[in-house]
Amino acid sequence: MSEVTFTELYVFILAAFVGYQVISRVPALLHTPLMSATNAISGISLVGSLVAAGSDHGQLSTILGFIAVTAATINVVGGFGITDRMLRMFKRGDRD
Amino acid sequence: MEREVFIEVVYLAASVLFILGLRSLSSPATARRGMFQAELGMLLAVVGTLVNHEIVRYDWIAGGLIIGSIIGALMAIYVPMTAMPQRIAISHMFGAVAATLVGIVEYNNVGGNLGNVTMAALGFEVLFGSLTITGSFIAFAKLQELMPGRPVIYPLQNIMNISLFLAACGILVYLAFDPTNVILFYTMIGMGLLFGVLMVVRIGGADMPVVISLLNSYAGLASSATGFVLDNSILVIAGALDGASGFLLSVIMSRAMNRSFANVLFGGFGAVEATTEIRSAEGLTVHSISAEDAAIQLAYARSVIIVPGYGMAVAQAQHQVQELASVMQEKGVDVKYAIHPVAGRMPGHMNVLLAEANVPYDKLYEMEAINDEFDRTDVALVVGANDVVNPAARNDSGSPIYGMPILNVENAKSIIVLKRSMNPGFSGIENELFYNPKTSMLFGDAKASLTALVGEVKQV
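Structure report, in brief.

1. Observations regarding the overall build of chain A
For chain A, the count of helices and strands is four helices and zero strands. Going from the N terminus to the C terminus, chain A shows its helices and strands as α-α-α-α. Computed over its C-alpha atoms, the radius of gyration of chain A comes to 18 Å, more than 25% above the 12 Å expected for a compact globule of 96 residues. When its C-alpha atoms are laid out on the principal axes, chain A stretches across 65 × 30 × 15 Å. Within chain A, the proportion of its 96 residues that are buried is 60%. For chain A, contacts bridging at least 24 residues in sequence account for 59% of all contacts bridging at least 6.

Given below as structure tokens:
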């Protein structure tokens, strides 16, 4: 196994551990916004998609890359947009 | 060189911002600010990527960004809160499409020159990506009612599904040793796509919260695998966060239904009740009540706990629930809401629906937080909930929902149930609560009944 992959394995395990700890503190109240937020964050595949669409490795790669960029962007923009729309609705009841 | 350092620093900052953003979701008070941090992280990551020297043309990139932004923005603005489960399901599909296509492009570009470990990661990426694409689409179609929500069951289903999945995994292992076999590579993707369909068609509507969470986790793992292939840590980190979140939510959801993953995936809920003995309701009487009498009980109560269920969401009655709560509060009634973890069609769905109807979130209580309070409560008002208040989960070891944690509605001094008719609920299980001497049934459409209650309570 190459050294590079080993480093990424460390990163993966530690990130999954941190993710588990952080997310287990999210109350059930916010589980739907949590899901849509992680969805937006998983739009980070945009990073790989941009390289695929822009590195000019032939027409097929460019078009598949283009579709990937579109799909990932939908998740980023749609995901963050809808998360904010939901979070804006959560209000405390301190009217009196 | 300087450019690469810049990119790495930007990615590192973005990763930290993502984690901070998710951490802020531990309270509604900090959540919005946290999401801005995550958005900033995403912006940094995109800018960092665009200066990558591998990128030589920007036309298709610009096109994808523009079209994606338009579709995303339209979804963000117009998708109703009731349709949130479908929207989440379809967005898992988009995420998986991106991960799978990036994998295919990488495979085409590099071909057989991949190392064994990298090929294994790439194979994992496209296999989990492809099954998430079709699985999420079927989940979307079921939730959007483009196809029937009940499970599709046929003989030898589990054996065929498991064999198909194991065969695809076998190809994955083979490819790791012989990355040049293009035909097998695409065969594996085809099998993944087929498996996704077969896996989800057999799952019923009530199990959707688990399935959506599980697909969330798969989509995350697929994008994490992309990071291994491209040797890109931010993809690994973001994918791991997504995967961990989906995993944790599916564990919480399964626990809330007292079922294991295996049981959800291979059990076919809603298909088993034919073999389970349904307790006959004969000889038991149901006490029905008029809106007027129910209103008197509610208006003179000191404390009321409202238990909303999926039936309330179907009837779009959350605004009427809120209206009823506020007229009761004007009469001095202490009103709280008890939210079961699987009250909606996805984790936390019921909270969002009620928040949209202007119910303050400090009135929404999780099951563990409110279950002891039913003893001290005058009236429990059940609106369109059934299985989550069914005492059979506690008393009847033969019941399909036996062992599932439920809300202690039966401990309240009296119970009013709003229900369309005496037909059993989603799981087809008879509910003893309705025959409890303390229970009064207010029959009719939830929205109409609630509107009538609002009018009557005002007059009391």
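The discussion continues.
2. Here's the deal with the nonpolar core
Of all hydrophobic cores here, the largest spans 193 residues; its most connected members are A:A68, B:L298, B:V307, B:V382 and B:V383. In this structure B:V307 touches B:A338, B:A380, B:L381, B:V382, B:V383, B:A385, B:V389, B:L407 and B:V409, once residues within four positions along its chain are discounted.

3. A look at helix α11 (residues 291-300) of chain B
Residues and elements named next belong to chain B. What α11 keeps buried is the set A291, A294, A295, L298 and A299. All buried residues of α11 project into a common sector of 130° when viewed along the axis, lining one side. Next to the buried residues of α11 lie β1 (303-308), α13 (318-330), β4 (379-383), β5 (414-419), β6 (439-443) and α17 (446-459).

4. Some words on the pairing of β5(B)
All names here are of chain B. Burial of β5 is extensive: five of the six residues sit out of reach of the surface. In this structure, β4 lies alongside β5, joined through five bridges in parallel fashion. Paired with V383 across the two strands is L418, which belongs to β5. For β5 and β6, the ladder comprises five bridges, and the chain directions are parallel. Across the sheet, I415 pairs through a bridge with T439, a residue of β6.

Criteria and cut-off values
- Residues numbered from 1 in each chain as written.
- Chains lettered and ligands numbered in written order.
- Predicted model: local features only at pLDDT ≥ 70, side-chain atom pairs only at ≥ 80, totals over all residues.
- Helix = DSSP H or I, 4+ residues; strand = E, 2+ residues; numbered from the N terminus.
- Rg over C-alpha atoms; globule rule 2.2 N^0.38 Å.
- Buried ≥ 20, exposed ≤ 12 C-beta atoms within 10 Å, placed from the backbone.
- Contact = placed C-beta atoms within 7 Å.
- Core = buried A, V, L, I, M, F, W, Y, C linked by C-beta atoms within 7 Å.
- Arc of directions from axis to C-beta.
- Pairing = 2+ DSSP bridges.

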